[in-house]
Amino acid sequence: MMLTLLILVPIVAGIISFLAKENAKGIALVSSLATLGLAAYISAASNAQPIDWSMQWIPRLGAQISLHADGMSAMLCLLTGIVMPVIFISNWNKEVENTGSFYGLMLLAQAGITGVFLAHDALLFYFFWELALIPVYFLCSRWGGEKRIAVTFKFFVYTFLGSLLMLAALIYLSLQTSGVNAYSWENIVRAGSSLDPATQQWLFVLIFVAFAIKMPIFPFHTWQPDTYEQSPTAVTVVLSALMVKMGLFGVVNWLLPVVPQGVAFWSDTVIVLSIIGIVYASLIAIVQTDLKRLIAYSSIAHMGLMSAAAFAQTNVGMHGLMVQMFNHGINITGMWLIVSMIEQRWGTRDMTKLGGMASSAPQMAIALVIISLANIALPLTNGFIGEFMLFNGLFSSPSAYRITYMVVAGLGVILGAVYTLNMVQKTAYGNAVEMKVQKDLTGNEYAGLAIIIAIIIFLGVYPKPLLDMTAGVANMMIP
Amino acid sequence: MTNLVYLVPLFPLIGFLINGLGWRKIPKAAGGIIGSVAILASFAVSLGIFFEVKSTGASTVVHLFDFIQSGTLYIPFSFQVDALSSLFLLIITGIGFLIHVYSTSYMHEDEGMVKYFAYLNLFVFSMLLLVLGANYLIMFIGWEGVGLCSYLLIGFWFKNRDYTNAAKKAFVMNRIGDLGFLVGMLLILFNYGTLSYQEFFGQLNGGQVQLSANMYNWIAICLFIGAMGKSAQIPLYTWLPDAMAGPTPVSALIHAATMVTAGIYMIARSSALYNLAPAALNLVAIIGLATAILAASIAIRQYDIKKVLAYSTVSQLGFMFLALGVGAYTTAVFHVMTHAFFKALLFLGSGSVIHAMGGEQDIRKMGGLNKHMKITGITFLIGCLAISGIPGFSGFFSKDEILASVYAHSPVMYYMALGAALMTAFYMFRLYFLTFTGSFRGTEEQHHHLHESPAAITIPLIVLAILSVVGGYVGLPPVISEHHTLNTYLGSVLSNFNVHHLEHSTEWILMGLSTGLVIAMIIVARVATKNPKFAENTGLAKVLENKWYVDELYDAVIVRPLGVLADVLDRFAEKMGVDGVVNGTGRLVRWSSDRVRLLQTGQVGFYIFVMVIGIAVIFALRFFGLNY
């Protein structure tokens, strides 16, 4: 029942928001805090044993409304539970046109994303997958930047085409089951993993493309920098902190166990693509001048490492992936919050026109530096734990090229320092550039960043809670 | 006492938190006192630990909490208390405290003084983690932590773009090394399933896991790449001279006495591994020797007082690696210690000079400062005598020990190292004579301003000068005394590898030779600086003044091509290649949609698009569903 509430609360609050208009902010905040509480409860409760809940949905198709929270799902719900209120808190003073619809759509997106993380039925998974996409599409196209129409079109076509391929594969898989609860996770896994290798190989491609676009990994990534750049920042946070995790979650939950032979066949290819993506995106990040594009490419590089480790199929890499999904979500949220504050105060995201934040808004500069350090995985920030485990996983993979993988992926560590410190230097250091709004952090901005920074440092020093929470899942994934 | 070891890094951490969180409200003087007291407290605990380890000779692992645990991967947050770490604790907190005291005066006019002390405490905290960690991962935490503090302090005056560039360069070059360290750690973890020193060295010595000699060498070389970055060795040394952009006490503490010796600590700590990796040891020796010579040659033609000292540091670090490379681990640690004394002294002395000169760092504009600042002048002279290796001063003992071990290893390397030592004597005394003797060459205004620094500056100078004299007597050469206090102390942790002992007669000859030549070099320096004329350098001198054009080389071979590649990727591959294909597809879809009039511009069109596809899907589902 808790699981359904986690989805229903944002849906109901979202609908009320549409009607409430100006009060929507408050409703959104209350709803998101409620889901945070629920997510925390579920995280604690699912630690001992996964929580399940199900009811009939479309019996004729064998589809159920079946929800399942294990360590990974609970962790991702908790991430969602933390990120949403942080967005609402830091946006508190920001004027948005059509407040009601904006917050309503944000909450619907949250419901969709949560559903993806909890769905234990393939059709339900697909349903939520699309449900998450549609509100985000409207958010981008109504509240986005100048080029939003063209960009959201690209984003939409891209991800939608991927989803269709996945749907075809899932339908095919359901046809291979006995027909009773044909879409349940267990039956899909059983059906998929007993198919002959050749079938698994092409099914892999169909499913993988959807997830690869969502993550995104090279060369399926080109929608991302444009979309991040054009979306309003609150939506960019949802996209980058939460929605990209849908891709990774999909890989771990709906790809690796479903078509193991396909994975065995394709994993080297995917790892190579992911690692190319790390270096490629890092290099491109170096020459970006727009803060949003820089962070977008930085995120592609980070996702590349996570995806490579996911396909390296080692326990430690998988465990690192769990940890890093959470940490990446927290860190990139912090990044976007700062970018939005910069844009508000200086009226630009162009780094060549910025500078001197350390003298004009020192608190903000300190936050920027700490979050940047987490972004380059400095030890004692949360980013380091995950990155170390991911590298460890990649390095201990059974592949013959593991050392090459590790070293090339490791170049990202160096290049990451280059672009991140460039960004810090150009925005925070140097002589102060005049601000449009003369002020350092406001109370609500301070609160939002303080939450992020507290998590960064706490998990960097003492990662045990997060590791314990996801240990069971990581060990179960790889036989 | 040993179980209180957590207090050692805790005090600086508390100092950092107080100053770091209250940097806008805490008065400057209070910030300085908080910072200094924190270090003094951890120095007191370190002393207790040192004497306990000295009397018991014990090596203890103190477990604090579980850091990372995943399946078989287990990395605790724990500290190793033994002879090696306790000696480093004393150096770090002892010299650290003196430099904090010095900073209370040196930085008192700077508006960011509280922030400065916060950074400085954070640095000491990280450095303590580095040497206290009981496994490579904790060392790595400290390792990157000191790199961060170095970055923050080099760019302390952040309005100056050159300074922040230097900070960035230091961080990135260190990261290159860190990647080597990381790969080395993963190799150890993969082969031995542990990063703990105790377990890893235990398995190495016990021979439970036999690897090919090649693998030992690879692990050792990867770790050494990390050391190259942190300890500024060829090819990753160019960041250190640029790091002089930071405040001078920072140069003394981080870029001379402590952080840059982390690489030596790491290899000494891993001596059990290096003993199995002869090829790696050879590489360490060659890199160390080459760095010692190259950096010394550059120092000969530098005019910035801090740049001379910076290249001198690079060169002295090279000597330490040379010692490690010939298997004389304790000797390297000995030189770390004496170098920490005299190089901190020299840097702080240069700070005192720069202070008196109103910020001027060019020695061409100095001269005759002895008359105005006696204490600084005399202590600086002591530092010069110590680093040059004049008998009786600390540097003599440690450098002589290095040279003797190198001679036993290979006479050719000995002569090359002796050459570097002679250059050292020359550039140091060139610096001394140009700065402190002769007549003043600066402006009238600067001349007027010259004064001795206050007590907070001169007292640390005096203490360090005393240490620069007596610090060497813990390691008397065998021809004088059979008892080597430091070797005995470190003996429980470090076993020197393959070090041959020389005949006493040979050792006397070598000692006499180097002393005679060093004195000759000092006389040459005196003559060369008698009537200084600073014409434009030509030929080799110009090449040396321009640091062998290594920065320019890196720029042309690495930095710029990488920038061009990134630019090409961004403009062509990304916008026209990958994205071009996608946009082409998109246009095709839009075009065909236009044809069938399903899609108009704007959101409504897309919405219908969604609906239609959705309906199609539902039909498909029905179809499949009914078939069952």
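### Some remarks on the packing of aromatic side chains
Alright, step 1. Going through the model one piece at a time under the given rule, you end up with 60 aromatic pairs over all chains.
Alright, step 2. Here Tyr137 of chain A and Phe138 of chain A contribute two aromatic rings whose centre-to-centre distance is 5.4 Å and whose plane-to-plane angle is 65 degrees, an arrangement assigned as edge-to-face.
Alright, step 3. Since its relative accessible area comes to 1%, Tyr137 of chain A is described here as buried.
Alright, step 4. Under the relative-accessibility criterion, Phe138 of chain A is labelled buried at 18%.
Alright, step 5. Relative to Phe160 of chain A, the ring of Phe156 of chain A lies with its centre 5.4 Å away and its plane at 15 degrees, an arrangement referred to as stacked. Of the two residues, Phe156 of chain A and Phe160 of chain A both sit in helix H6 (residues 148–175), four residues apart, roughly one turn of that helix. Note on accessibility: Phe156 of chain A and Phe160 of chain A belong to one class, buried.
Alright, step 6. What links up through ring pairs into an aromatic cluster is the set Phe458 and Tyr462 of chain A together with Phe65, Phe67, Phe77 and Phe79 of chain B.

### Points about empty space enclosed by the protein
Residues and elements named next belong to chain A.
Alright, step 1. Summed over the entire model, instances satisfying the criterion amount to eight cavities of 30 Å³ or more.
Alright, step 2. Estimates place the volume of the largest cavity at around 160 Å³.
Alright, step 3. Surrounding the largest cavity, 17 residues form its lining, His302, Glu387, Gly412, Val413 and Gly416 being those nearest its centre.
Alright, step 4. Taken together, the elements giving at least two residues each to the lining of the largest cavity come down to helix H11 (260–286), helix H12 (291–312), helix H16 (382–395) and helix H17 (402–428).
Alright, step 5. Across the lining of the largest cavity, the residue classes tally to nine nonpolar, six polar and two charged.
Alright, step 6. Put simply, the second largest cavity is a space of about 130 Å³.
Alright, step 7. If you list the elements that add at least two residues to the lining of the second largest cavity, you get H12, helix H13 (315–346), helix H15 (362–375) and H16.
Alright, step 8. Ranked by residue count, the leading element in the lining of the second largest cavity is H13, at six residues.

### Considering unusual backbone geometry
Alright, step 1. Going from Met215 of chain A to Pro216 of chain A, the amide bond is cis rather than trans, its omega being -10 degrees.
Alright, step 2. Checked against the element boundaries, Pro216 of chain A lands in the loop between helix H8 (197–214) and helix H9 (223–230).
Alright, step 3. Of note, the bond from Phe218 of chain A into Pro219 of chain A is cis; its omega dihedral lies within 30 degrees of zero at -5 degrees.
Alright, step 4. Within the secondary structure, Pro219 of chain A is located in the loop between H8 and H9.
Alright, step 5. Of note in this structure, Asn98 of chain A is not a glycine but carries a positive phi near 50 degrees.
Alright, step 6. Mapped onto the elements, Asn98 of chain A comes out in the loop between helix H3 (71–90) and helix H4 (99–118).
Alright, step 7. Unusually for a residue other than glycine, Tyr549 of chain B sits at a positive phi of about 55 degrees.
Alright, step 8. Tracing the chain through its elements places Tyr549 of chain B in the loop between helix H23 (539–545) and helix H24 (550–595).
Alright, step 9. Assessed through its relative accessible area of 34%, Tyr549 of chain B is described here as partly exposed.

### Overview of the side chain of Thr379 of chain B
All names here are of chain B.
Alright, step 1. Topologically, Thr379 is positioned in helix H16 (residues 374–388).
Alright, step 2. The buried category is assigned to Thr379, whose relative accessible area is 5%.
Alright, step 3. Polar contacts involving the side chain of Thr379 include one to the main-chain carbonyl oxygen of Thr376, which spans 3.0 Å.
Alright, step 4. Those residues in contact with Thr379 that lie beyond four places of it in its chain are Leu345, Leu461, Ile462 and Ala465.

### Thoughts on the confidence of the model for chain A
Alright, step 1. Per-residue pLDDT for chain A has a mean of 89; in total, 99% of the residues score no lower than 70.
Alright, step 2. By mean pLDDT, helix H19 (residues 464–477) of chain A is the weakest element of chain A at 81, and H15 of chain A is the strongest at 94.

### Here's the deal with the interface of chain A and chain B
Alright, step 1. Listed as interface residues are 82 residues of chain A and, on the opposing side, 69 residues of chain B.
Alright, step 2. Counting the surface lost from both chain A and chain B, the interface buries some 6,600 Å², and carbon and sulfur atoms represent 75% of this.
Alright, step 3. Among the residues of chain A in contact with chain B, Phe153, Phe388 and Gln425 of chain A are the three that bury the most area, contributing 10% of the side total.
Alright, step 4. Counting the contacts that link chain A with chain B gives zero salt bridges.
Alright, step 5. Here the side of chain A that touches chain B takes 16 residues from H17 of chain A, the largest share from any one element.
Alright, step 6. By residue class, the composition of the side of chain A that touches chain B is 56 nonpolar, 17 polar and nine charged.

### Topic: the layout of surface pockets
Alright, step 1. In this structure, the second largest pocket occupies an estimated 1,200 Å³ of space.
Alright, step 2. Lining the second largest pocket are 33 residues, and of these Val418 of chain A together with Lys169, Val172, Ile558 and Val559 of chain B lie nearest its centre.
Alright, step 3. Elements with a contribution of two residues or more to the lining of the second largest pocket: H11 and H17 of chain A together with helix H6 (161–192) and H24 of chain B.
Alright, step 4. In terms of residue count, H6 of chain B provides more of the lining of the second largest pocket than any other element does, ten residues in total.
Alright, step 5. Residues that form the lining of the second largest pocket fall into these classes: 21 nonpolar, five polar and seven charged.
Alright, step 6. Shared between two domains, the lining of the second largest pocket holds at least three residues of each, these being domain 1 (1–180 + 235–255) and domain 3 (551–623) of chain B.

### What to know about the pairing of strand E1 (residues 51–58) of chain A
All names here are of chain A.
Alright, step 1. Both E1 and strand E2 (residues 63–69) contribute to a ladder of seven bridges, which runs antiparallel. Each residue of the ladder has a partner; that of Ile58, found in E2, is Ala63.
Alright, step 2. A loop of four residues connects E1 with E2, the two strands running antiparallel in sequence, and Gly62 in this loop sits at a positive phi of about 80 degrees.

### Here's the deal with the nonpolar core
Alright, step 1. Of all hydrophobic cores here, the largest spans 418 residues; its most connected members are Phe311 and Phe388 of chain A together with Tyr136 and Tyr274 of chain B.
Alright, step 2. Broken down by element, this core gets its largest block of residues, 18 residues, from helix H18 (residues 411–436) of chain B.
Alright, step 3. When neighbours within four sequence positions are excluded, Tyr136 of chain B is seen to be in contact with Phe181, Met185, Ile188, Leu195, Tyr197, Phe200, Phe201, Leu223 and Ser270 of chain B.

### Here's the deal with the packing of H17 of chain A against H6 of chain B
Alright, step 1. Their axes nearest at 10 Å, the elements H17 of chain A and H6 of chain B cross at an angle of 160 degrees. Here H6 of chain B runs roughly antiparallel to H17 of chain A, going by the angle between their axes. Handedness of the H17 of chain A/H6 of chain B crossing: right-handed.
Alright, step 2. Its residues assigned to classes, the contact of H17 of chain A with H6 of chain B comprises 16 nonpolar, five polar and five charged.

Conventions adopted
Residues numbered from 1 in each chain as written. Chains lettered and ligands numbered in written order. Predicted model: local features only at pLDDT ≥ 70, side-chain atom pairs only at ≥ 80, totals over all residues. Heavy atoms only, no water. Phe/Tyr/Trp six-rings, centres within 6.5 Å; stacked < 30°, edge-to-face > 60°. Buried < 20%, exposed > 50% of the residue type's maximum accessible area, 1.4 Å probe, protein only. Helix = DSSP H or I, 4+ residues; strand = E, 2+ residues; numbered from the N terminus. 1 Å grid on protein atoms, 1.4 Å probe; cavity = no way out; pocket = protein on both sides within 12 Å on 5 of 7 lines; lining within 4 Å. Points joined across faces, edges and corners; volume = space filled by probe spheres on them. Nonpolar A, V, L, I, M, F, W, Y, C, P; charged D, E, K, R; others polar. Polar contact = N/O pair within 3.5 Å; in protein donor to acceptor, adjacent residues only side chain to side chain. Contact = heavy atoms within 4.5 Å. pLDDT = per-residue confidence, 0-100. Buried area = accessible area lost by both parts, 1.4 Å probe. Salt bridge = Lys/Arg side-chain N within 4 Å of Asp/Glu carboxyl O. Domains from an automatic or database assignment. Pairing = 2+ DSSP bridges. Core = buried A, V, L, I, M, F, W, Y, C linked by side-chain atoms within 4.5 Å. Axes fitted to C-alpha atoms, helices over the stretch in contact; angles between N-to-C directions. Parallel < 35°, antiparallel > 145°, perpendicular 65-115°, else oblique. Left-handed = near helix turned anticlockwise from the far one by under 90°.

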